[in-house]
Amino acid sequence: MPTKAQTNPALKAANRRMCLAIENDARETARWTGRGVISPSVMAQMAGVPRHRFMGFADSDPAATGAYANRAQPIAQRQTISQPFIVAVMTDLLDLEPDDRVLEVGTGCGYQTAILAGLSAEVYSVERIPVLSAEAARNLEALDISNAFLRIGDGFDGWPEHAPYDAIIVTAAPRTAPPALLDQLAPGGRLVVPVGEADGSQMLQRFVRRADGETTVAGLLPVAFVPMIGDVAT
């Protein structure tokens with residue numbers, strides 16, 4: 001069933017502009033990522049998930065169209081909702097299959113979670129800030145997304161009870177890839193994570209765990225994310 005974001009003319013136009021911007025950015029960064037075209041399944045999710053809902057806008061709010069600008073934007077607790085292109089390319093780099101189990105570190109408002117949920121069997125998402133996790137749960141419930149499971153915790157630990165994962169995505173930047181997350185990858189599993197200093201150079205990296213347990217890594221794209229913090233907020 002189409003969402004109101006798809007049927008409201010102003011939101012539909014803003015959504016379409018967002019998707020065109022994603023496609024343009026994919027072409028312009030292809031020399032970095034090797035992905036000049038985002039997969040149709042990922043683009044369908046980007047077009048179908050009402051981004052404005054995750055930023056607190058009602059469907060009838062004229063300002064809701066601004067949620068579809070192709071840039072990172074602030075949300076609660078001094079965090080951000082990632083730029084749509086970054087959401088799309090990180091998701092694409094996971095190479096998700098419909099029966100995959102996914103770990104997300106950094107639930108935020110739940111937008112990336114919703115994108116992942118439409119492309120995989122199960123999403124397990126860890127957030128350190130209780131207020132954000134609660135808001136994400138409300139956002140996902142409002143869209144009847146039932147295959148995403150949330151918990152409050154330290155993202156550096158992952159969620160070992162449900163490991164191994166076919167794919168892991170991290171939406172904040174650690175200085176190095178957390179060993180626990182690499183350990184929780186299934187053979188053939190993919191980890192996409194921005195790595196680097198909080199106020200310095202960061203690189204989006206993609207790890208793949210081989211059948212022998214070793215991992216390969218490729219640096220794909222310069223990025224800028226909030227730092228990954230290990231403690232649980234109170």
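Placed above this text is the structure.
Reading guide: rules and limits
Residues numbered from 1 in each chain as written. Predicted model: local features only at pLDDT ≥ 70, side-chain atom pairs only at ≥ 80, totals over all residues. Heavy atoms only, no water. Helix = DSSP H or I, 4+ residues; strand = E, 2+ residues; numbered from the N terminus. Rg over C-alpha atoms; globule rule 2.2 N^0.38 Å. Contact = heavy atoms within 4.5 Å. Areas by Shrake-Rupley, 256 points an atom, 1.4 Å probe, with all protein chains shown as cover. Polar contact = N/O pair within 3.5 Å; in protein donor to acceptor, adjacent residues only side chain to side chain. Phe/Tyr/Trp six-rings, centres within 6.5 Å; stacked < 30°, edge-to-face > 60°. Buried < 20%, exposed > 50% of the residue type's maximum accessible area, 1.4 Å probe, protein only. Core = buried A, V, L, I, M, F, W, Y, C linked by side-chain atoms within 4.5 Å.

J.: Got a sec to walk through the overall build of the protein chain? Specific residues and values, please.
T.: Secondary structure assignment for the protein chain yields 8 helices and 9 strands. For 234 residues, the compact-globule estimate of 2.2 N^0.38 gives 17 Å, and the C-alpha radius of gyration of the protein chain, at 17 Å, lies within 12% of that figure. For the protein chain, the spread of C-alpha atoms along the three principal axes comes to 50 × 40 × 35 Å. For the protein chain, the proportion of contacts with a sequence separation of at least 24, taken over those separated by at least 6, is 55%. Counting every atom, the protein chain has about 10600 Å² of accessible surface; 53% of that belongs to carbon and sulfur.

J.: Tell me about the side chain of asparagine 15, and name the residues and values.
T.: Structurally, the position occupied by asparagine 15 is in helix α2 (residues 9–28). At 2.9 Å, the side chain of asparagine 15 and the backbone oxygen of alanine 47 are in polar contact. Aside from chain neighbours lying at most four places away, what touches asparagine 15 is Met46, Ala47 and Tyr68.

J.: Before we move on, can you summarise the packing of aromatic side chains with the specific residues and values?
T.: By the definition in use, this model includes 4 aromatic pairs. Residues phenylalanine 54 and tyrosine 111 carry aromatic rings whose centres are separated by 5.7 Å and whose planes lie at 70° to one another, so their mutual orientation is edge-to-face. On the criterion of sequence distance, the pair formed by phenylalanine 54 in the loop between α4 (40–48) and β1 (73–74) and tyrosine 111 in helix α6 (residues 111–117) is long-range, its members being 57 residues apart. A relative accessible area of 1% places tyrosine 111 in the buried class. With centroids separated by 5.2 Å and ring planes inclined at 25°, the aromatic side chains of tyrosine 124 and phenylalanine 149 adopt a geometry described as stacked.

J.: Outline the nonpolar core, supporting the account with residue identities and numerical values.
T.: Of all hydrophobic cores here, the largest spans 50 residues; its most connected members are Ile22, Ile38, Met46, Ile86, Met90 and Tyr111. Elements represented by at least two residues in this core include exactly α2, α4, α5 (84–93), α6, α7 (130–142), β6 (165–170) and β9 (215–223). Among the elements that take part in this core, α5 stands out by supplying 7 residues, more than any other. If sequence neighbours within four positions are ignored, methionine 46 has contacts with Asn15, Met18, Cys19, Ile22, Pro84, Val87, Ala88, Tyr111 and Ile115. Core analysis: the second largest hydrophobic core is formed by 18 residues, Ala172, Ala177, Leu182 and Val195 among them.

Worth remembering: the numbers are spatial, not functional.
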